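Topology and contacts: notes
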Amino acid sequence: QVQLVESGGGMVQAGGSLRLSCAASGRTFSRYGLGWFRQAPGKEREFVAAISWSGGYAYYSVAVKGRFTISRDNAKNAVYLQMNSLKPEDTAVYYCAASRRDYSALERRGEYDYWGQGTQVTVSS
């Protein structure tokens, strides 16, 4: 069992930065692939970024590549999402999630076993 708690959301102007954190419980944290997803009002939850067990492999959606960076610290049972050059279209509730997969198919929402409650990110123009 893994419990995930996100933090770090808030309101920021376009062009600004935020760093989201996700704290996880569980003794086998390092054996989970981790991802960030987001859901804007009236839209489906979409993939943002994912990272492998060791942190050696990461990938991103086209919408955020080059602006966002995912990282993890297995010693602290945490995963992070550094978001730079934020745009109003990045406004959404951001969720972290854990998958028993290492690195493949982590862009698929259905591959995740555990989800956090989400944290709101609002980017004003």
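None of these values were measured; they are calculated from a predicted model. (Residues numbered from 1 in each chain as written. Predicted model: local features only at pLDDT ≥ 70, side-chain atom pairs only at ≥ 80, totals over all residues. Heavy atoms only, no water.)

Once that is clear, we can look at the packing of aromatic side chains. As enumerated under the stated definition, the model contains eight aromatic pairs in all. With 5.7 Å between their ring centres and 75° between their planes, F37 and F47 make a pair best called edge-to-face. Residue F37 is located in strand β4 (residues 33-39), and its partner F47 is located in strand β5 (residues 46-51); the two are separated by ten residues in the primary sequence. We note that F37, like F47, is buried. One aromatic cluster is present, formed by F37, F47, Y57, Y59, Y103, Y112 and W115 through successive ring pairs. Above the plane of the ring of F29 lies R72, whose end atom (NZ or CZ) is 5.0 Å from the centre. (Phe/Tyr/Trp six-rings, centres within 6.5 Å; stacked < 30°, edge-to-face > 60°. Helix = DSSP H or I, 4+ residues; strand = E, 2+ residues; numbered from the N terminus. Buried < 20%, exposed > 50% of the residue type's maximum accessible area, 1.4 Å probe, protein only. Lys NZ or Arg CZ within 6 Å of the ring centre and 35° of its normal.)

Residues L18, L20, C22 and A24 line the buried face of strand β3 (residues 18-24), whereas the alternating positions R19, S21 and A23 sit on a face that is not buried. As defined by bridge partners, strand β1 (residues 4-7) adjoins β3 across four bridges and the pair is classed as antiparallel. Along β3, the bridge assignment pairs L4 with A24. Both β3 and strand β8 (residues 78-83) contribute to a ladder of six bridges, which runs antiparallel. Along β8, the bridge assignment pairs R19 with Q82. (Pairing = 2+ DSSP bridges.)

As far as function goes, none of this settles anything; it's purely spatial.
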